[in-house]
Amino acid sequence: AISAVDAEGALKNLNSEKDRFDFVKTVSKAKLAWNSQLAKMDVEETNKSKLTTFYTALYHSLLNPNLYMDIDGRYRGLDNKIHTAKDFEYYSVFSLWDTYRTENPLLTLIDRKRTLDFIKTFLSMHQQGGLLPIWPLANEETYCMIGNHAIPVITDAYAKGIRGFDTKLALQAMKYAVNRKQFGIDIYANQGAVIADLEHESASKTVEYAYDDWCIARFAKMIGGEDDYQKYITRAQNWKNIYDPTTGHIRARNNGGWWKPFNPTEVNNNYTEGNSWHYSFSTQQDINGHIDLM
């Protein structure tokens, strides 16, 4: 048994397993637990290999995030101090840049209880670590990847009727996350775009920050924050500042103009694990506006 808190916690975790070292019972219970999760999706398909592929993918999508607390509710927070989760389960391993478009919207539909626990975990991380999570692993914030994508997870969940968390605290945490001096966010807020000669991955960061702003605006609107709605719905249009009408692509700004030379298929330091062809369609908050520009 393991614990991120102390040896006593590990022993409590071990003793909570009623079947102890009965391997056959453990395997049987694991199968039942996984079948209860996979059964949330009832798929009809005559091709057995396609069914196997589908349910394997669903299984993979449920492997993370991971529960990160002891049986008594204690956990080691991002401040490296010991806390106790009172009315929720505390998780870690939030690969949010990878999951906010796909896995998290799925979980809002098929695992609403865990989604609420995720949000309460996010807010605890904000209070204890000083920031909504970006890519936390165990009790460390890795700052891996770009954006502030706990924000769309919270907004999407609230829009789908997942409530029971402190919305005022959530909005406060969202605004703090996008108004700090880190990763070019201050440049974006002041100049309407992340600038390539001041910050790397500037094109990708600009469009993802704009989407996060749109999510803040929508969340503020839903909870009655009209002033915040107006501010962030305007900032959400910042993606247009790096839309190049001559090429029809999202393109990095540099030294008052456009990054040159420009090749939309090139993978370079202006984009995050991609190129302009990928990020030129990362405007999910303003699809009609994008169509009009094109």
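Asks: I'd love a proper account of the overall build of the chain, names of residues and values included.
Replies: Of regular secondary structure, the chain possesses 13 helices and ten strands. By principal-axis analysis of the C-alpha atoms, the chain measures approximately 65 × 50 × 35 Å. When burial is assessed residue by residue, the chain has 48% of its 294 residues classed as buried. Contacts in the chain between residues at least 24 apart in sequence constitute 62% of all its contacts with a sequence separation of at least 6. As displayed, the chain offers around 15100 Å² of accessible surface, 54% of which is attributable to carbon and sulfur atoms. Here the chain contributes 33 positive and 36 negative side-chain charges, whose respective centroids are spaced 3 Å apart.

Asks: Describe empty space enclosed by the protein, listing the residues and the values that go with them.
Replies: Taken as a whole and assessed by the stated rule, the structure comprises one cavity of 30 Å³ or more. For the largest cavity, the full set of lining residues is R251, A252, W259, P261, F262, N263, E266, N268, N270 and Y271. Residue composition of the lining of the largest cavity, by class: five nonpolar, three polar and two charged.

Asks: Go over the packing of aromatic side chains, please, and point to the residues and values.
Replies: Evaluation of the coordinates by the stated rule reveals 16 aromatic pairs. On the numbers, 5.5 Å between centres and 75° between planes, the contact of Y188 with Y209 is edge-to-face. Within this pair, whereas Y188 is found in helix α9 (residues 185–191), its partner Y209 is found in helix α10 (residues 202–222), the two being separated by 21 residues in sequence. Since its relative accessible area comes to 1%, Y188 is described here as buried.

Rules used in this analysis
Residues numbered from 1 in each chain as written. Predicted model: local features only at pLDDT ≥ 70, side-chain atom pairs only at ≥ 80, totals over all residues. Heavy atoms only, no water. Helix = DSSP H or I, 4+ residues; strand = E, 2+ residues; numbered from the N terminus. Buried < 20%, exposed > 50% of the residue type's maximum accessible area, 1.4 Å probe, protein only. Contact = heavy atoms within 4.5 Å. Areas by Shrake-Rupley, 256 points an atom, 1.4 Å probe, with all protein chains shown as cover. Lys, Arg positive; Asp, Glu negative; His and termini not counted. Charge placed at Lys NZ, Arg CZ, Asp CG, Glu CD. 1 Å grid on protein atoms, 1.4 Å probe; cavity = no way out; pocket = protein on both sides within 12 Å on 5 of 7 lines; lining within 4 Å. Points joined across faces, edges and corners; volume = space filled by probe spheres on them. Nonpolar A, V, L, I, M, F, W, Y, C, P; charged D, E, K, R; others polar. Phe/Tyr/Trp six-rings, centres within 6.5 Å; stacked < 30°, edge-to-face > 60°.

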